[in-house]
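The chain contents come next:
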Amino acid sequence: MNSVVVVGTQWGDEGKGKITDFLAKEADAVVRFQGGNNAGHTIVFDNKKYALHLIPSGIFRKDTVNVLANGMVINPKALMKELEMLNNGGITDFHLAISDRAHIVLPYHIQLDGLFEDLKSGSKKVGTTNKGIGPTYNDKSARIGIRVCDFIDLEVFEDKLNDNLNYYNKLFKLFGKPLIEASEVFNEYKEYSKQMKQYVEDTGLLLNTMLDEGKKVLFEGAQGALLCLDHGTYPFVTSSSPTAASVPLNTGISPKYINKILGVTKAYSTRVGSGHFVTEFENDVAKRIRDVGHEYGTTTGRPRRIGWIDTVVLRHTKRISGITGLSVMLLDVLTGIETLKMCVAYKLDGEIIDYIPASIKDFERCEPIYIELEGWTEDITQTTSFSDLPLNTQNYLNKVSELSNIELAIFSVGPDRTQTVVLKDMFN
Ligand code: IMP
Ligand code: MG
């Protein structure tokens, strides 16, 4: 069984892109299975920096098949921009496969995203990335979505687009939003449709065949498990499931193929958008982490909220996503901080609890219970093995692994591909 799923164990931005890019060298296929261009992965190599939002991180390796699976929502305009960026960077030799069952994000979804947020009162705003992701998934479950197979059939596309805009323009009129002209959207998007067509296929079929043949497939989660629509901190979540459990459904492969799951965590925590964040803090140390870790959103540029690592979150993520190996990222960002805190449990109304309450009202009252660990000052950015690390760094990693009850598989000491230390071969 040659598949590995890479999932975020926190609220996204854990460094999954870097890990996927790293593991991609062994993979025959890299697959995005949920979300859309709300995600943002930064990949650095040969002194060049690439920000990917839709395209899997395997795109830089010419022999890797890069799949946008059926569980995704794809903005064709954003996809074309990304392809152009790659083209400008000299990345022209690649294999891209787009599912005919994925859903298409159109301009009215983006306007709806803003409208739905506007209609919510202050503390209830989700703080979405405003990319139209939620409204596209709404259309999917309301059965009025436009799928890739419809989009590349211009007759079907035009027909469905007319129906949907007829409907949504009534809503826009009611709320005083600009109306969207179907013919204008059609004229612009038919060009994207023509360009996209060459990449479209039944990717479920493709992936099952590859797995049946013993090929290696890497599934790349976007966002993090705490943003899962079902198991995250609802309603401050995204509208898909970034967990390993969603992979079979969102790609069309058999569940029997999933058993190696790499959870990616930062050595601390971050969150963008709204929602309670138990270990959040704001002081000079948080500022330092934000600066050193470049903690600004890849998609929206928003400064990320900073917190200590939370092992209640890691244990929750391990349960819901079946994590079998842990990758600890951005360890170098903690260098020079005298005392490091690690959350081991929550206190809720005087009681110690070891889980994330479903009710956001209860979750908002949870306070962190910390242990403190001694930091380190040595430069660790050139480290190539666990035993090379300062003792306090080793202690920190061992404690994260012990408290999350997940074996340490990888740690990362800098943004470059080479600054990655592998302790456990995930594919074998
Ligand atoms: P949406 O996915 O744009 O609907 O946003 C819902 C929530 O998920 C917001 O809090 C976003 O900030 C957050 N979110 C969505 N995508 C990402 C991501 O890739 N990284 C981090 N947060 C994200
Ligand atoms: Mg990101």
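Being a predicted model, the structure only gives us computed values, none of them experimental.

Caption draft 1: The arrangement of the sheet that holds strand E7 (residues 95-99) in detail. With respect to topology, 10 strands assemble into an open sheet ordered E9-E7-E5-E2-E10-E1-E11-E15-E19-E20, the strand pairing being mixed. A strand with exactly one partner marks an edge of an open sheet, and here the two such strands are strand E9 (200-201) and strand E20 (420-422). Inspection of the sheet shows strand E1 (residues 3-8) paired to strand E10 (residues 217-220) by 4 bridges, in the parallel sense. Its bridge partner being in E10, Val6 is matched across the sheet by Glu220.

Caption draft 2: Quick peek at the coordination of the magnesium ion (ligand 2). Bound to the magnesium ion (ligand 2) on the protein side are Asp13 (OD) and Gly40 (O), at distances that span 2.0 to 2.4 Å. Highlighted residues: Asp13 in the loop between E1 and helix H1 (16-23) and Gly40 in the loop between strand E2 (29-32) and strand E3 (41-45), separated in sequence by 27 residues. Given a relative accessible area of 23%, Asp13 falls into the partly exposed group. You can call Gly40 buried: its relative accessible area is 12%.

Caption draft 3: Examining the site of ligand 1 more closely. Near ligand 1 you find 16 residues, and of these Asp13, Asn38, Thr129, Thr238 and Arg302 are the closest. In the environment of ligand 1, an oxygen atom lies 3.5 Å from a nitrogen or oxygen atom belonging to the backbone of Val126. Contact between ligand 1 and Arg302: an oxygen atom at 3.0 Å from a side-chain N or O atom of the residue. Bound to the protein, ligand 1 loses 96% of the 470 Å² it would expose on its own.

Caption draft 4: Here's a closer look at the packing of aromatic side chains. Following the criterion strictly, the structure yields 11 aromatic pairs and no others. Where Trp11 meets Phe277, the ring centres are 5.1 Å apart and the plane angle is 55 degrees; that geometry is what we call tilted. Taken together, the residues span a long stretch of sequence, with Trp11 in the loop between E1 and H1 and Phe277 in the loop between strand E12 (269-271) and helix H10 (284-292) at a distance of 266 residues. Across the pair, exposure class does not vary: Trp11 and Phe277 are buried alike. Summarising the aromatic geometry, the rings of Phe151 and Phe157 are spaced 4.8 Å apart at their centres and angled 80 degrees between planes, so their arrangement reads as edge-to-face. Exposure class is identical for Phe151 and Phe157. Each is buried. Aromatic ring contacts, followed pair by pair, group Tyr108, Tyr167 and Tyr168 into a single cluster. Directly above the aromatic system of Phe22 lies the positively charged group of Lys25, at a separation of 3.6 Å from the ring centroid.

Caption draft 5: Looking closely at a nonpolar patch on the surface. A contiguous nonpolar surface patch, about 390 Å² in accessible area, is contributed by Phe116, Leu119, Leu174 and Phe175. Relative to the elements of secondary structure, Leu174 occurs in helix H6 (residues 154-174). Under the relative-accessibility criterion, Leu174 is labelled exposed at 66%.

Caption draft 6: Structural view of H10. Every buried residue belonging to H10 is among Ala286, Ile289 and Arg290, and all of these are buried. Axial view of H10: buried residues confined to an arc of 100 degrees, hence all on one face. Exposed positions of H10 whose direction lies more than 90 degrees from the buried face are Asp284 and Asp291. For H10, the secondary structure elements touched by its buried residues are strand E13 (305-307). Between the side-chain oxygen of the N-cap and the backbone nitrogen of Val285 there are 2.9 Å, and the N-cap of H10 in question is Asn283. Directly beyond the C-terminal end of H10, a positive phi value near 50 degrees is found at His294.

Caption draft 7: Broad picture of the side chain of Thr9. On the secondary structure map, Thr9 appears in the loop between E1 and H1. Engagement of the side chain of Thr9 in a polar contact is seen with the backbone oxygen of Val264, the distance being 2.9 Å. Residue contacts for Thr9: discarding those within four places in its chain leaves Glu14, Ala225, Leu226, Gly263, Val264, Thr265, Val313, Leu314, Thr317, Ile323 and Leu326.

Definitions and cut-offs
In every chain, residue numbers begin from 1 and rise along the written sequence. Labels follow written order: the first chain is A, the first ligand is 1, and so on. For this predicted model, a pLDDT threshold of at least 70 governs which residues receive local features, and a threshold of 80 or more governs which side-chain atom pairs are given and counted, while totals over whole chains, interfaces and linings are taken from all residues. Values reported for side chains reflect all heavy atoms of the structure, with hydrogen atoms and water molecules removed beforehand. Only when DSSP finds a minimum of two bridges between them are two strands counted as paired. Helical segments are the DSSP runs of H or I of at least four residues, strand segments are the runs of E of at least two, and each set is numbered from the N terminus. Metal donors were taken as nitrogen, oxygen and sulfur atoms no farther than 2.8 Å from the ion, or 3.2 Å where the ion is Na, K or Ca. Water is excluded, so coordination may look unfinished. Accessibility here uses a 1.4 Å probe with only protein chains present; expressed as a share of the type maximum, an area under 20% marks a residue as buried, one over 50% as exposed, and anything in between as partly exposed. We call a residue near a molecule or strand whenever a single non-hydrogen atom of that residue lies within 4 Å of it. Two N or O atoms form a polar contact when they lie within 3.5 Å of each other; inside protein one atom must be a possible hydrogen donor and the other a possible acceptor, and for residues adjacent in sequence the pair counts only when both atoms belong to side chains. Accessible surface is estimated by sampling points in the Shrake-Rupley manner with a 1.4 Å probe; for residues, cover comes only from the protein chains shown. Think of it this way: a Phe, Tyr or Trp ring, Trp meaning its six-membered ring, pairs with another when their centres are within 6.5 Å, and the plane angle makes it stacked under 30 degrees, edge-to-face over 60, tilted otherwise. Whether a charge sits over a ring depends on NZ of Lys or CZ of Arg being within 6 Å of the ring centre and within 35 degrees of the ring normal. What goes into a patch is any residue over 30% in relative accessible area without a salt bridge, connected to like charges within 9 Å or, for nonpolar side chains (Val, Leu, Ile, Met, Phe, Trp, Tyr), within 5 Å. Whenever a carboxyl oxygen of Asp or Glu lies within 4 Å of a side-chain nitrogen of Lys or Arg, that contact is scored as a salt bridge. In this description, one arc is meant: the one made by directions from the helix axis to the C-beta atoms. The criterion used for residue contact is that any of the two residues' heavy atoms lie within 4.5 Å.

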